[in-house]
Amino acid sequence: MSVRKLTTKLAMLLVLITGGVNASAKDHDLPPADPFAFDPDFNWFEPIYDADILDMKPKKRAHTGWFSTYDRIHLYGSRPEQIDDINDSNKLDAGGGHRYEIGYMRPDEDTGMLFTFLENSAVGRDGLRVDALNRINDEDLDGEPAFALGDNRFGLPVFPEDGNVIGYSRRFYEVGLTLNDMSMRSYELSKTWRMEPYHYGGILEPMLGLRVITADDSGSLSVLNRPLQDGVGFGTSPYVVPLLGVEFENTEILEQSIAEIENNIYTLQAGFRYFKYQERFCYSAEFRGFTGINLQCYRSQRRETTVVYDGNTTGSDVLSNITVTNAAQFLENEEFMIGFDARAEIGYQLTKMINVRCGMQLIDLATGVWRSSRNLTEQTGGLLQPTIDTGDRNQHYVAVGYTFGIELNR
């Protein structure tokens, strides 16, 4: 069969099918369907007038169909419980993150689904920068580093660690102690119901679903051991320890202790959202309580880097750079946990489908969270030396702060 005949037959078949559809539509008094007539009416910036809002009932102002929100969150996180004399467990460290929501509310049955993703991190640290014995690598600044055995080593110096710190014109160590390092992610999937408006226009939306939280806590301690220079020490910092002895006069040792804890939390969640419209403003409050199991994993490791120079002044060359890391140690545990998430927000109707908002949020993982702790041990001379401890496996974590964002068609 030729291509021309095949094309002709296919065209005739298409005409017959279209005619049959149109005839069937006429029999039922229905207009022919146009598959390209799709108008989602995404008029995001269509203005809204006060008169329209005043004439609209509360339930009509509560949007239906698809909706989504985004909020920039600034939640301050609590520090781990300590077993030393510092007693700063009630202090909060600044943090930031994001919150996304996407959902669907059926207009015919007033039920829907809601998915929420939240991430927030809080960090606090105590430490300082200490210059290395070879404070400046001149060859690195000149762009002509020394190479091994006359070979260019693909442009790398003999010891890449001997180069200046990337982004700086000198060599130094970041030493200190982690006071707080919590990274939290939350995934929620909930079934929602919309109740009839109350007498004064408030609407209640109960919800029931699942919530998964990953709360990763970590702690680190970096201490630099270095020799005295001209018999002069380096003050009383617990993060810089003098190396005594002639055999160490050209040596510096960096000791690092690292602890990482994973809290994998699986919970059932129940709560509600209450909101009320008043002119262009929307006042809302949310509460979500959750409880479940926390599968915990603890990992600790120690690293020691020893650098030997041919002198102890600026410009001394590195003779050896050796890093030794011990095998990682693991611990596992399970804990029952309880927590809640509370929010209060004020929104302003900017256009027909866009609402800007700001508010407050409080997340409390009340029990069952494993967090690293630190301890102070007394060294020779009465100097207190910090150390990383495994910490209590049944601690809490509180994140509280403010949020601001935007919602579409909610």
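Quick notes on the rules
- Residues numbered from 1 in each chain as written.
- Predicted model: local features only at pLDDT ≥ 70, side-chain atom pairs only at ≥ 80, totals over all residues.
- Heavy atoms only, no water.
- Helix = DSSP H or I, 4+ residues; strand = E, 2+ residues; numbered from the N terminus.
- Polar contact = N/O pair within 3.5 Å; in protein donor to acceptor, adjacent residues only side chain to side chain.
- Contact = heavy atoms within 4.5 Å.
- Patch = residues over 30% accessible without salt bridge, like charges linked within 9 Å, V, L, I, M, F, W, Y side chains within 5 Å.
- Areas by Shrake-Rupley, 256 points an atom, 1.4 Å probe, with all protein chains shown as cover.
- Salt bridge = Lys/Arg side-chain N within 4 Å of Asp/Glu carboxyl O.
- Lys, Arg positive; Asp, Glu negative; His and termini not counted.
- Charge placed at Lys NZ, Arg CZ, Asp CG, Glu CD.
- Buried < 20%, exposed > 50% of the residue type's maximum accessible area, 1.4 Å probe, protein only.
- Phe/Tyr/Trp six-rings, centres within 6.5 Å; stacked < 30°, edge-to-face > 60°.
- 1 Å grid on protein atoms, 1.4 Å probe; cavity = no way out; pocket = protein on both sides within 12 Å on 5 of 7 lines; lining within 4 Å.
- Points joined across faces, edges and corners; volume = space filled by probe spheres on them.
- Nonpolar A, V, L, I, M, F, W, Y, C, P; charged D, E, K, R; others polar.

Draft legend 1. Summary view of the side chain of Asp341. Within the fold, Asp341 resides in strand E11 (residues 329-349). A distance of 3.2 Å separates a polar atom in the side chain of Asp341 from a polar atom in the side chain of Gln361. Residues contacting Asp341, with those up to four places away along its chain left out, are Glu188, Arg211, Glu286, Phe287, Arg288, Phe290, Gln361, Leu362 and Ile363.

Draft legend 2. Structural context of a negative patch on the surface. Where like charges cluster on the molecular surface, the negative patch consists of Asp138, Glu139, Asp140, Asp310 and Asp317. Following the sequence through the fold, Asp140 ends up in helix H4 (residues 138-142).

Draft legend 3. Here's a closer look at unusual backbone geometry. One non-glycine residue, Asp110, lies in the positive phi region at around 60°. Residues other than glycine seldom take positive phi values, yet Glu279 does so here, at roughly 55°. Position of Glu279 relative to the elements: it lies in the loop between strand E8 (251-278) and strand E9 (281-309).

Draft legend 4. Region of the structure containing the pattern of salt bridges. One pass over the structure, following the stated rule, counts 27 salt bridges. Here Asp93 and Arg79 are joined by a salt bridge, their closest N and O atoms 2.9 Å apart. Of the two residues, Asp93 sits in strand E2 (residues 92-93) while Arg79 sits in the loop between strand E1 (65-78) and E2, which places them 14 residues apart along the sequence. Judged by relative accessible area, which is 11%, Arg79 ranks as buried. Arg302 is paired through a salt bridge with Glu304; the nearest N and O atoms lie 3.5 Å apart.

Draft legend 5. Structural view of the packing of aromatic side chains. Taken as a whole and assessed by the stated rule, the structure comprises twelve aromatic pairs. Measuring from ring centre to ring centre gives 5.8 Å for Phe287 and Phe340, while their planes differ by 20°; the resulting arrangement is stacked. Taken together, the positions of Phe287 in strand E9 and Phe340 in strand E11 put the pair 53 residues apart, joining distant regions of the chain. Note on Phe287: relative accessible area 35%, which makes it partly exposed. With a centroid separation of 5.3 Å and an interplanar angle of 15°, the aromatic rings of Tyr298 and Trp370 are classed as stacked. Of this pair, Tyr298 sits in strand E9 while Trp370 sits in the loop between strand E12 (354-369) and strand E13 (373-378), and the two are 72 residues apart along the sequence. Of the two residues examined, Tyr298 and Trp370, each falls in the buried class. Each residue in the set Tyr70, Tyr100, Phe117 and Tyr187 is aromatic and connected to the rest through ring pairs, giving one cluster.

Draft legend 6. Structural view of empty space enclosed by the protein. For the coordinates displayed, the defined rule picks out three cavities of 30 Å³ or more. Around the largest cavity sit 13 residues that line it, and Pro80, Thr178, Leu179, Ser372 and Ser373 are the ones nearest its centre. Where the lining of the largest cavity is concerned, the elements lending two or more residues are strand E5 (172-193), strand E6 (203-227) and E13. Ranked by residue count, the leading element in the lining of the largest cavity is E5, at four residues. Classifying every residue of the lining of the largest cavity by side-chain character gives three nonpolar, seven polar and three charged.

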